[in-house]
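A closer look at the structure
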Amino acid sequence: MNVQNIEKKEHNIATFQVKVDAAAFDAEVNKAYNRNKGQLYVAGFRKGKAPRQVIEGMYGSEIFYEEAIENYADEAFTFGTKECGFECVGRPSIANVEVNDAKELIYTFQVAMYPEVKLGQYRGLEVPMDHTEFDEARVEEALADVRKRNARLLDVERPVQMGDHIVLDFEGFVDGKPFEGGKAEDYDLEIGSDTFIPGFEEQLVGAETGEEREINVTFPENYAQPLAGKPAVFKIKVKSVKEPELPELDDELAKDISDFDTMAEYIDHVREDLKKKFETEQESSYAGSLMQAAIDNLEVDIPEPMIEEKLDEQLRNYAASMGMPASTSKEQILEAMQIDEKTFQAVMRPQAEFEIKVDLLLDAIIKEEQIGIEESEIAQAYEDMAKEYGMEADQIKTYINEDILKQDLTRRKAAAVIRDTAVDKEPEPAEEAPAEEAPAAEESAE
């Protein structure tokens, strides 16, 4: 193989050709022949016994080309990227394939190149930190949620109110026809939980046990196809209405829901935990603001394939977080999310671009600052994770690749350079409104 016609284009896109010599291509075609000869019928030969030349004479000399070209593509691309001398990112695409008169196979690949990054200021960034004090209302909200989670549900003989729990049967119709997933029986629903599409739960307020009614709603524009944006009618029947009875915040409840003997101890624990989370949120927000400031000072042109790869990664991460198997198709994931691909990409693209810029920024800082990682640091990281997950370090190593861990640790060090050199900028003082002029002495006398 050899590489030819390397061409760098705008927006960090490049094309190059890989020429596969005739002998290597013919060997791959022969492999395709051996894989498929048993499926082709040739008169006068037992199945799978017809020579390649006979099959090619009957079906055409290029009958095995497509499979051979597809199977050789990865090897050709890998060879080509090594020879080109630049780092490729994202998914490659085959712009063209041809077999010349000499029976040589020529691929034309289009790839995205790792973009050039020009660092701006990242040390000594002046960004104001949020010094807001912890709000005790957070504790009150948490305790209210505790009462709600531990409430008893009591049957009531009255119309449905917000906050009630009801059991209902329902069936949805679009254009007068039922749709898949729009029917259920004995469904438990908390009114006001926003479990259903907008407008559904509000129209159940006032219904009584045993009542049947129709509810008219419109599916959101970003809902999964084919329901997105369509009006629907749900026929429902309320089978029971229950009202939550909230427990008292006493010592008995504390013993039931925690390891504490008194409610006072439990509340102190809740307060301490919330304060830690609040401080973590503040620090995370400040670090995010610093990162954004450093990115704003960055110059980089991100190639489109790099963004597309990140969007696919985000989609796969969502699927994994929902427990979907790795074999789940993109279409199935989007259907589970109840969103179409165009809307998903429009919503997630800004975050995808931000994440890419963060990685590019940190990698550039690593290079600029000559940041490295010692073997002892990697070993310690494995030990820390082992303690956190209750596993042996050797077990952790089977799940987390050392190169990926090393990359993560170096990027953390790069982020620490931004954070440790930052300046907590004092917020600009608010301008005071000009004081009104005092009335003249003559006017005052009047």
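Look a little higher up for the structure.
My aim in this report is to walk through the structure given alongside it, one point at a time. (Residues numbered from 1 in each chain as written. Predicted model: local features only at pLDDT ≥ 70, side-chain atom pairs only at ≥ 80, totals over all residues. Heavy atoms only, no water.)

1. As for the sheet that holds strand E1 (residues 2-8)
Going by this rule: Pairing between strands requires that DSSP locate at least two bridges from one strand to the other. Each helix is a run of H or I in the DSSP string that is no shorter than four residues. Each strand is a run of E no shorter than two, and both are numbered from the N terminus. In this analysis an axis means a line fitted to C-alpha atoms, helices contributing only their contacting stretch, and an angle means the value between N-to-C directions, from 0 to 180 degrees. We call two residues in contact when some of their heavy atoms are within 4.5 Å.
Strand order in the open sheet made by the four strands is E1-E2-E4-E3, with antiparallel pairing throughout. One side of each edge strand has no neighbouring strand; the edge strands of this open sheet are E1 and strand E3 (88-99). If you compare each strand with its neighbour and ignore which way they point, the axes differ by 20 degrees on average. Relative to strand E4 (residues 105-113), strand E2 (residues 13-20) is paired through eight bridges, and the arrangement is antiparallel. Paired with Ile13 across the two strands is Ala112, which belongs to E4. Packed on one face of the sheet, helix H7 (residues 304-321) meets E2, E3 and E4 and runs near 115 degrees to E3.

2. Remarks on the pattern of salt bridges
The line we're drawing: Here, a salt bridge means any Lys or Arg side-chain nitrogen found within 4 Å of an Asp or Glu carboxyl oxygen. Each residue is placed in one exposure class: buried if its accessible area under a 1.4 Å probe, protein chains only, is under 20% of its type's maximum, exposed if it is over 50%, and partly exposed if it falls in between.
Per the counting criterion, the structure on display carries 32 salt bridges. For Arg149, the salt bridge goes to Asp145, with nearest N and O atoms at 2.4 Å. On the criterion of helical spacing, the pair formed by Arg149 and Asp145 is a turn pair, its members being four residues apart in helix H4 (residues 137-149). With a shortest N-O distance of 3.1 Å, Asp268 and Arg271 are connected by a salt bridge. Taken together, the positions of Asp268 and Arg271, both in helix H6 (residues 263-296) and three residues apart, correspond to about one turn of that helix. Residue classification places Asp268 among the partly exposed residues on the basis of a relative accessible area of 46%.

3. Concerning the side chain of Thr15
By secondary structure assignment, the location of Thr15 is in strand E2. In this structure Thr15 comes out as buried when scored by relative accessible area, which is 9%.

4. Regarding the packing of H6 against helix H9 (residues 341-369)
Note the threshold: Just so you know how the angles are binned, under 35 degrees is roughly parallel, over 145 roughly antiparallel, 65 to 115 roughly perpendicular, and the rest oblique.
Relative to each other, H6 and H9 sit at 80 degrees, their axes nearing to 10 Å. With respect to each other, H6 and H9 are oriented roughly perpendicular. When H6 is examined against H9, the residues Met291, Gln292, Ala294 and Ile295 are found in contact with a partner set consisting of Phe354, Lys357, Val358, Leu361 and Leu362.

5. Quick notes on a nonpolar patch on the surface
Threshold: What goes into a patch is any residue over 30% in relative accessible area without a salt bridge, connected to like charges within 9 Å or, for nonpolar side chains (Val, Leu, Ile, Met, Phe, Trp, Tyr), within 5 Å. Per-residue and other accessible areas were derived by the Shrake-Rupley procedure at a 1.4 Å probe size, with only the shown protein chains allowed to occlude residues.
A grouping of Tyr41, Met58 and Tyr59 is seen on the molecular surface, where their side chains present a nonpolar patch of about 370 Å² in accessible area. With respect to the helices and strands, Met58 occurs in helix H2 (residues 52-59). Taking relative accessible area as the criterion, Met58 reaches 47% and is therefore assigned partly exposed.

6. Describing the environment of Ala293
Within the secondary structure layout, Ala293 lies in helix H6. Distance in space between the C-alpha atoms of Ala293 and Gly120 is 9.8 Å, their sequence separation being 173 residues. With sequence-adjacent residues up to four places away left out, Ala293 is seen in contact with Leu125 and Val127.

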